[in-house]
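So the chains spell out like this:
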Amino acid sequence: MTDLPTSVTASLLWRRMSGHLNLVHGLSELRETASAVAAKAETVVPDFTDHSVKHMDALWEITQVVLTAEEIERITPAEAFILGSSFYVHDLGMAVGATAEGRALLEASDAFNNALSHLKGLQKVSHLVARESAFKIASRELHAKLAESFVDERVPGLDRHLIQSLEVRRQWGAMIGQVAASHHWSLRVLDSRLGKRGVVPGPATDVGMIDLGFVACALRIIDFAHINFGRARLLDRVLRSSISPESLIHWQAQEHISGPIREGSQLVYASTRPVESADGWWLFYDLVRGLESEIEAVAEYLSERKASEGRFSLKGVKGIASARQFAALVETSGFEPIDIRFRPDSLDRLIQLLGGRTLYGNDIFAPLREVLQNATDAVRLRWAGEISAGLKQGFGEINIELEREGDSTYLVVSDDGVGMSERVVTNYLLGIASDYWHSPDFYADHPKVLEGGFQPVGRFGIGFLSVFMIGDEVQVETQKQGGGEALQLTLRGVGRRGLLVRRPTRLRAGTTVRVRMSPEHTSEYAGVHRVVQARAPMLDAPVVISEGGTVTRIEPGWWKAVSQEEFASFIQQQLFAVSELRNRDKDSAYYELAISYRHQARLLDARATSELERWPGKQPEVIGENYRFLALPTRSSLLLCSKGFAVQTYPLGGFVGIIDEPDLQLSAARDMPLQWDASSVKEKLINELTPHIQSAVDALQQEPNIPLRYGFLVAVANAYGMHYLANTTLGWITVVSPPGRADLLSPGELRDRMRGVDEVVIGYNTDPWSIANYSRSHFADAPQRVLMIPISSKSQLEVRGGESYEKRQQVLNGPLPDHFKGSLLGGPIFLNVVLDVIADAWSIDRAQLTLGRWSSRQDILCGYLKR
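Quick summary incoming for the structure in this document. (Residues numbered from 1 in each chain as written. Predicted model: local features only at pLDDT ≥ 70, side-chain atom pairs only at ≥ 80, totals over all residues. Heavy atoms only, no water.)

## Focus: the side chain of S637
Then, number 1: Relative to the assigned elements, S637 resides in strand 15 (residues 627-642).
Then, number 2: Other than its neighbours up to four places away in sequence, S637 contacts I571, Q572, Y650, L652, F655, V656 and G657. (Helix = DSSP H or I, 4+ residues; strand = E, 2+ residues; numbered from the N terminus. Contact = heavy atoms within 4.5 Å.)

Here is the structure:
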């Protein structure tokens with residue numbers, strides 16, 4: 001038996017059992033083995049603060065702070081032995097990965113495999129780094145559970161037990177293991193497994209009675225209260241192999257902390273020097289707030305048990321009512337902690353900044369989108385779990401209702417997804433900037449869902465809190481998949497205390513969010529089915545909207561099934577009405593301007609449906625799994641979505657479409673991508689639709705009056721490229737041949753005709769009936785029977801395609817003005833196509849034509865070109 005440190009043997013708790021040599025001997029053996037095992041913890045989890053025997057020994061002294069001398073005097077020798085033994089067992093699981101057998105045990109656990117899948121899947125971590133991180137996560141998650149088995153079984157990788165004596169192990173091992181494991185149980189589980197036993201006899205008549213419920217409560221407070229410099233010594237930190245930036249904050253939080261001592265019914269902490277790390281200070285403040293909550297919960301629990309009456313008088317931690325009060329005890333250096341989270345007036349402001357109008361502007365539909373995103377994630381998460389389990393995909397529907405009760409209107413959003421546990425509701429749904437999807441809790445709750453293809457779209461915390469933009473009373477009812485009690489959470493206003501009520505288990509899993517809307521917002525949500533379709537057009541779950549007795553069902557992929565006219569109308573009109581007016585203020589000039597733009601958009605839509613603005617027959621389009629695009633030269637609208645939800649509109653000349661990009665990185669308000677290239681999408685679309693667009697241009701030959709389509713042809717060239725006009729079989733070029741016959745030729749036909757002639761007159765801003773007169777007035781030496789090509793900017797609407805001729809740029813028998821020379825958007829399109837065809841037919845460089853004889857008078861430009 002090794003000598004025990006004075007900190008142990010001089011403690012009041014030790015004295016309660018020191019007269020029983022068999023207990024002393026058993027605990028001494030236990031400490032010796034635990035000391036050797038715990039020494040390996042830092043090699044497995046170097047990030048974590050001290051979990052060695054120094055921490056375990058210190059708990060004997062902490063006991064004298066948490067409990068008064070009178071309360072320790074009431075502890076029986078049996079209880080003292082169990083409590084002292086649990087000091088050396090409760091954290092040993094942290095070191096299990098130090099041996100090959102221990103690592104194999106961890107590697108076979110769900111905790112390890114869930115963490116590995118999460119890190120490699122959602123966080124895209126390399127396999128090697130992911131494995132090491134998964135070992136750490138599994139060690140932390142399983143250490144309490146492993147503690148229960150360590151007492152009865154051999155330590156993994158060691159040929160010995162923690163308690164060598166078989167008799168002591170059989171008599172005491174189960175109780176020690178359960179108490180050690182209980183420090184990570186909820187009080188409800190602790191009560192059901194240990195507390196309900198009440199006071200029971202010990203294994204021997206001379207060691208007294210045992211209240212395992214009290215002993216387990218004592219351990220959880222004593223262990224929690226040991227947060228000071230003894231667990232985060234500078235030398236220990238320097239000698240650790242590696243400490244992540246996140247874990248470093250935990251060390252900085254405790255390295256200058258002294259205490260605790262007891263003052264009345266409170267624990268008192270202080271600092272030996274001002275804390276320089278703001279993150280560390282705030283973390284320690286959060287730790288002591290958590291400690292106070294645990295003390296309050298334990299005190300309430302024990303006070304309700306007759307068996308433990310009068311055994312626990314601790315009430316809390318001194319100075320934590322506000323950050324400023326606590327800073328008087330734990331001083332800061334270089335910053336002043338101002339707590340804005342827990343005062344109702346400050347919390348109102350915080351919600352405005354993070355969960356309300358500052359983040360979303362005046363987008364009154366943002367709360368609907370946020371709640372709908374959470375519902376969608378719940379359904380998708382259920383699907384992924386069913387798929388990974390090899391089950392047939394079952395439920396999966398979202399319901400939205402505007403429900404009226406008396407003078408009140410409620411927005412109700414429900415789903416039949418996975419539901420939420422109490423931990424998810426309290427820690428993540430209501431947490432500011434919480435991140436459930438990247439937490440250990442997520443992949444512990446939902447193992448292997450990545451194999452089912454799950455990727456979250458919503459965010460807890462900030463997103464959910466946006467509901468207070470439209471109402472001050474919110475109710476959440478949820479039933480977790482797999483059973484358990486249903487939960488009902490009621491929140492009445494920002495910063496006020498909520499109410500959590502347990503309900504009988506519901507037949508179906510899922511969540512319902514019910515918001516009582518402020519009267520001024522009720523009218524805004526009239527026609528909510530249109531809002532849902534515009535804000536979430538590409539969901540893979542059906543959405544059923546009920547409003548005023550009318551039920552609308554939006555099926556997944558509806559945008560593929562509707563007609564081209566309905567699809568184009570949705571992109572042009574309905575989206576504009578919701579997204580472009582999202583930041584409106586009815587009292588502002590901008591609102592009136594936006595309404596005017598909306599009216600103009602409707603007029604544009606009506607004009608665009610004109611036969612002269614469309615392709616003959618069916619419009620060229622492409623439909624894929626996550627996109628649909630129509631090639632409409634006079635339109636320019638792309639609706640970008642991510643994971644089913646609309647993000648932003650983009651101008652995409654010549655296309656009307658919708659696309660879902662699930663991997664987009666979005667802004668905090670999720671109303672714009674941080675990086676996305678619309679031009680690359682257009683390039684791919686043009687490549688994919690090229691044969692269809694060219695065929696559609698050629699099909700215009702069926703039209704009875706081609707010149708009426710000149711404006712449309714210019715729009716085609718602007719949107720997709722001039723080569724569609726140069727390569728078409730459509731006869732769109734007017735050619736006047738002696739003695740005055742006018743024909744419409746295709747570029748190929750004009751090329752063939754020009755090979756047989758050596759000169760031509762081109763008239764820009766002329767028509768077939770006037771070009772002869774202009775030719776004679778501009779070029780007296782031109783033959784009367786010369787071939788002429790009139791190009792009328794008025795009939796061709798070339799003002800859309802580039803610059804029209806201006807009187808201020810006069811030329812007389814000189815080269816073509818520069819602003820006519822562009823091969824694409826820089827100049828009149830028809831003129832440039834004709835010049836390209838002539839240059840090709842004559843096998844000369846196009847520049848020779850532009851340097852030829854050009855003459856202008858008023859708004860007429862003529863060119864006399866010779867081979």
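## Description of the pattern of salt bridges
Then, number 1: Using the criterion set out here, one finds 28 salt bridges in the structure.
Then, number 2: Note that R709 is salt-bridged to E703, the shortest N-O span being 3.5 Å.
Then, number 3: Between D752 and R755 there is a salt bridge; the shortest N-O distance is 2.7 Å.
Then, number 4: We classify R755 as partly exposed; its relative accessible area is 44%. (Salt bridge = Lys/Arg side-chain N within 4 Å of Asp/Glu carboxyl O. Buried < 20%, exposed > 50% of the residue type's maximum accessible area, 1.4 Å probe, protein only.)

## Details of helix 21 (residues 422-429)
Then, number 1: Residues of helix 21 that are buried include every one of V424, V425, Y428 and L429, and no others. An end-on view of helix 21 places all buried positions within 115° of arc, on one side of the element. (Arc of directions from axis to C-beta.)

## What to know about the sheet that holds strand 4 (residues 266-271)
Then, number 1: As summarised here, the arrangement of the three strands in space is 3-4-5, forming an open sheet in which the pairing is mixed. In this open sheet, the two strands that pair with only one neighbour each are strand 3 (257-263) and strand 5 (316-317).
Then, number 2: In the sheet, strand 3 pairs with strand 4 via five bridges, with the strands oriented antiparallel. What sits directly across from E263, in strand 4, is Q266.
Then, number 3: Relative to the sheet, helix 5 (residues 53-66) contacts strand 3 and strand 4, its axis offset from that of strand 3 by approximately 40°. (Pairing = 2+ DSSP bridges. Axes fitted to C-alpha atoms, helices over the stretch in contact; angles between N-to-C directions.)

## Considerations on the nonpolar core
Then, number 1: Formed by 129 residues in total, the largest nonpolar core has its most connected members in Y525, W615, Y720, W732 and I789.
Then, number 2: Take this core: its biggest share by element is eleven residues, from helix 35 (residues 829-842).
Then, number 3: For Y525, the contacting residues outside a window of four places in its chain are I364, F365, P367, L368, L402, L411, I470, M517 and E547.
Then, number 4: Listed in part, the 83 residues of the second largest apolar core include L27, A80, L283 and A323. (Core = buried A, V, L, I, M, F, W, Y, C linked by side-chain atoms within 4.5 Å.)

## Some words on the packing of helix 20 (residues 366-388) against helix 25 (residues 528-535)
Then, number 1: One way to put it is that helix 20 packs onto helix 25 with a least axis distance of 11 Å and a crossing angle of 65°. For the pair helix 20 and helix 25, the sense of crossing is right-handed. Side by side, helix 20 and helix 25 meet where A366, L368 and L372 of the first sit next to V528, V531, V532 and R535 of the second.
Then, number 2: Taken together, the residues that form the contact of helix 20 with helix 25 break down as six nonpolar, no polar and one charged. (Left-handed = near helix turned anticlockwise from the far one by under 90°. Nonpolar A, V, L, I, M, F, W, Y, C, P; charged D, E, K, R; others polar.)

## Quick word on the side chain of D57
Then, number 1: Residue position: D57 is located in helix 5.
Then, number 2: The contact partners of D57, leaving out residues within four places of it in the chain, are P5, S7, V8, R31 and Y88.

## What to know about the pairing of strand 15
Then, number 1: Counting buried positions along strand 15 gives 14 out of 16 residues, so the element sits mostly inside the fold.
Then, number 2: In the sheet, strand 14 (residues 621-623) pairs with strand 15 via three bridges, with the strands oriented antiparallel. In the sheet register, I623 faces strand 15, and the bridge partner there is R628.
Then, number 3: Joining the antiparallel neighbours strand 14 and strand 15 is a turn of three residues.

## Focus: the packing of aromatic side chains
Then, number 1: This structure, assessed with the given rule, holds 20 aromatic pairs.
Then, number 2: Relative to F87, the ring of W60 lies with its centre 5.5 Å away and its plane at 85°, an arrangement referred to as edge-to-face. Linking W60 in helix 5 with F87 in helix 7 (residues 77-89), this pair joins segments that are 27 residues apart in sequence.
Then, number 3: On the basis of relative accessible area, F87 is assigned to the buried category, the value being 0%.
Then, number 4: Judged by centre distance (5.7 Å) and plane angle (45°), the rings of F779 and Y864 are tilted. Of the two residues, F779 sits in the loop between helix 33 (771-778) and strand 20 (787-791) while Y864 sits in strand 22 (residues 860-866), which places them 85 residues apart along the sequence. In this pair, the class of F779 matches that of Y864, namely buried.
Then, number 5: By way of ring pairs, the aromatic residues Y269, W281, W282, F284, Y285 and F326 are connected into one cluster.
Then, number 6: The cationic tip of R628 hangs over the ring face of F567; the distance from NZ or CZ to the ring centre is 4.7 Å. (Phe/Tyr/Trp six-rings, centres within 6.5 Å; stacked < 30°, edge-to-face > 60°. Lys NZ or Arg CZ within 6 Å of the ring centre and 35° of its normal.)

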